[in-house]
Amino acid sequence: MVAALRPARSPLGRGLLTGLPVLAALLVLLVPSVTAGAVPARIPAAYGSTTVPDVGVPMSDGTTLVGDVMYPADRLTGERAGGTFPVLLSQNPYACDTTAGNLRGPGQAALGDPAYFVERGYIYASVCVRGTGRSGGAFELFGPRERRDGVELVAWAAGRLAGSDGTVGLTGCSYLGINQLLTASLLPRGSAVKTMLPACAGAETYRESMNSGGMPTQTRNYFTHLGTRMGPRAGAYGRALAANAQRGGDKAYAGAWAASRTPGDLAAAIVRADIPTLLWSGNLDLYAQGSQEMYTYLQNAYFHRPVHTSPAPGRRTTPRYQAVVGPWAHGEGVDRAVALDWFDTWLKGRPTGFATTTTPLHLYRQGTRTWLHTTAFQQVRTYTPYYLGPDGTLGPTPPRAGGADRISYTEPSAADGRLTYTTEPFRRGAVLAGPLSASLSAGSSGTNLTLIAQLDDIAPGGTATKITSGSLVASLRALDPDRSWRDAKGVVVRPYGTFTADRYLRPGQVYELTIGLSPRVARLAPGHALRLTLTTRTPEADCSAPVGVDPCFPTDPQLRTLPGTYTVHRSPAALSAVNLPLAGGAG
């Protein structure tokens, strides 16, 4: 199935990129071939599997968590195999009321049937999160007691679980990925955890997955229906959380609740625990940006750089922290053969190339069906602003005369609900590589505004292919200067909003707004153009998904303050531009 591979050539003109031969061989197969289980295993199964259900694990507060343990078994007799094995541990809240739901339900879907790993020499222990399924206690969504449970489960898996060889790998996707990062932050150096694979997870909880630019995303649907996924205790928690955010309570902002659930703030602690980490995400995931940020923070912490500083190209990296970002949505694309290689590298000492690569970041190139194996997702030091101009133009030259365009707070299908700005075709094509931003000068007839910025690849025939998007509620425009990334000219190219309090607008006044767009590596073919589209609302039909990253559900304070007519300025005194990470030239 895998053709002979040629290393991917860098769009930055640096020659052939070195990388992981095995990983590259798998990743080049692309969607849907890279989804879990599609690539035949290179390591054949040596065992069968047998399951011990309903295993109780007492916690220090007297609560008992319940899980299920799958063991390697003799392929002829079906009896549990002798000897000891590394343990893969997951903390699962989904469909955990039964053994089948715990081991083969939605919580495990991203990496497939755990028997794959068990048959290759691992014990697989999946324990129901506190307050879900068969476990006792109250549900608290990554709260402090739940994080302590993770530490105690590691001690159980390493020291008290029958058949364990004393080493542990953490595994899982989404909720099961985030809780790995939170658990790791509490572990001491030299703990039993020798590696982890937090798939479908990243640096943020409030930003990107739950809120876009300060407005709740489709993920609100996840919380309002949490009971159907995790049971009644979690359901009550989810409904209360969603209601609090809707009325503009503390959960609507990045306050103490969100800060205590932000894995990116724990990167230094994770590095101190010395746990090699493989993040796995996709451009359509809830953590497309957060996974790359988490990778950056871990690399920075390892080399004693300021943790949240910009990932400038050329900085030293270690293969102990890696990330794969493919063309996938949430919960998709995890290749369990690659996951097995990762676990075998750190738990069994098998040489796979993972431990020696000099390019630990693996990014899908949109528009090319190839991969960039690199060290940093911000590939250029100086961005190129393309300015909004008259008659819907978008170009590298600032406007010479004053001008402005108006847009209303309405559906994008309305006549006054959309603004578009398009470049001339790039004769030689172009490459975008890194985070993007839009710097807009805008005002409102009311006391607030919201803008959604989408960047599309426009083919010569007019077909539009989305590259990326982002949004901002203007009353939440304040940035953290220490965590916002700038290019060599000081332009904010990856804004980091504080989202702690509203600062409402004065009607008619012009404000400088910076909208972050999710990072991408994208190739524009020769003759293609870029189009920036500004809208103010996500179509209602797009807001029914269970999770997402689009601004969908304005809070009650936002519903009261957002209506109005907005003005986007494009004059020498009030510039508006999209800041492009053009790599390797364009024309």
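These numbers come from a predicted model, not from an experiment. (Residues numbered from 1 in each chain as written. Predicted model: local features only at pLDDT ≥ 70, side-chain atom pairs only at ≥ 80, totals over all residues. Heavy atoms only, no water.)

Let us look at the nonpolar core. In summary, soluble globular proteins display a tendency toward joint burial of nonpolar side chains. Y175, L451, L534 and L580 are the most contacted members of the largest nonpolar core, which has 69 residues in total. V127, Y297, L372 and F377 belong to the second largest nonpolar core, which has 56 residues in total. (Core = buried A, V, L, I, M, F, W, Y, C linked by side-chain atoms within 4.5 Å. Buried < 20%, exposed > 50% of the residue type's maximum accessible area, 1.4 Å probe, protein only.)

What follows is about the sheet that holds strand 18 (residues 450–458). What the 4 strands build is an open sheet, ordered 16-23-18-19; its pairing is antiparallel. Since the sheet does not close on itself, it has two edges, and those belong to strand 16 (418–422) and strand 19 (464–473), each with one partner. Neighbour-to-neighbour, the strand axes of this sheet turn through a mean angle of 20°, independent of strand direction. The sheet contact formed by strand 18 and strand 23 (residues 529–535) spans 7 bridges and is antiparallel. (Pairing = 2+ DSSP bridges. Helix = DSSP H or I, 4+ residues; strand = E, 2+ residues; numbered from the N terminus. Axes fitted to C-alpha atoms, helices over the stretch in contact; angles between N-to-C directions.)

The next subject is the pattern of salt bridges. For the structure on display, the rule yields 18 salt bridges. R350 is the partner of D341 in a salt bridge, and the nearest nitrogen-oxygen pair spans 2.5 Å. Accessibility expressed as a relative area gives 24% for R350, which makes it partly exposed. For the salt bridge of D344 with R350, the shortest nitrogen-to-oxygen distance reads 2.9 Å. Beyond isolated ion pairs, a larger network of salt bridges with shared partners links D61, R130, R145, D149 and E152. (Salt bridge = Lys/Arg side-chain N within 4 Å of Asp/Glu carboxyl O.)

Right, let's talk about the state of the cysteines for a bit. Going through the model one piece at a time under the given rule, you end up with 3 disulfides. Note that C96 is cross-linked by a disulfide to C128, the S-S spacing being 2.0 Å. Across the disulfide from C96 to C128, rotation about the S-S bond amounts to roughly -85°, and the bridge is consequently left-handed. Of this pair, C96 sits in the loop between strand 3 (85–92) and helix 2 (99–104) while C128 sits in strand 4 (residues 123–128), and the two are 32 residues apart along the sequence. Residue C543 pairs covalently with C552 via a disulfide, S to S 2.1 Å. On the sign convention where negative means left-handed, the S-S torsion of about -85° between C543 and C552 marks this disulfide as left-handed. Like C543, the residue C552 is buried in the burial classification. Here the protein chain pairs its bonded cysteines, counted in sequence order, in the arrangement 1-2, 3-4, 5-6. (Disulfide = S-S within 2.5 Å.)

Let's shift gears to helix 5 (residues 175–184). Helix 5 sits mainly inside the fold: 10 of its 10 residues count as buried. All buried positions along helix 5 are accounted for by Y175, L176, G177, I178, N179, Q180, L181, L182, T183 and A184.

Below, the discussion takes up the side chain of D456. If you trace the backbone, D456 turns up in strand 18. This buried residue, D456, is left without a salt bridge; R531 holds the nearest opposite charge, at 5.9 Å. Looking at D456, its side chain comes within polar contact range of the side chain of Q454, at 2.9 Å. If we ignore the near neighbours within four places in the chain, the residues touching D456 are A464, T465, K466, I467, A529, L530, R531 and T533. (Lys, Arg positive; Asp, Glu negative; His and termini not counted. Polar contact = N/O pair within 3.5 Å; in protein donor to acceptor, adjacent residues only side chain to side chain. Contact = heavy atoms within 4.5 Å.)

Let's shift gears to the pairing of strand 18. Buried residues dominate strand 18, accounting for 8 of its 9 residues. Where strand 18 meets strand 19, 9 bridges bridge the pair, whose relative direction is antiparallel. Each residue of the ladder has a partner; that of I452, found in strand 19, is S471. Where strand 18 folds back on strand 19, the antiparallel hairpin that results is connected by 5 residues, among which G462 adopts a positive phi of roughly 100°.

Bringing unusual backbone geometry into the picture now. The phi torsion at D391 lies on the positive side, around 60°, for a residue other than glycine. In this fold, D391 is placed in the loop between strand 13 (384–388) and strand 14 (394–395). Judged by relative accessible area, which is 80%, D391 ranks as exposed.

By convention here, two paired aromatic rings are described through the distance between centres and the angle between planes. According to the stated counting rule, one finds 19 aromatic pairs in the structure shown. A connected cluster of aromatic rings, assembled from ring pairs, spans Y94, F139, F142, Y175 and Y237. When the ring centre of Y116 is taken as reference, the NZ or CZ atom of R120 above it lies at 4.1 Å. Sitting over the ring of W485, R494 keeps its end group 3.8 Å from the ring centre. (Phe/Tyr/Trp six-rings, centres within 6.5 Å; stacked < 30°, edge-to-face > 60°. Lys NZ or Arg CZ within 6 Å of the ring centre and 35° of its normal.)

Looking at the secondary structure, you find T538 in the loop between strand 23 and helix 13 (556–561). Residue classification places T538 among the buried positions, given a relative accessible area of 11%. There is a polar contact of 2.7 Å between the side chain of T538 and the backbone oxygen of P551. Dropping the residues within four chain positions of it, T538 is found in contact with E411, I452, C543, D550, P551 and C552.

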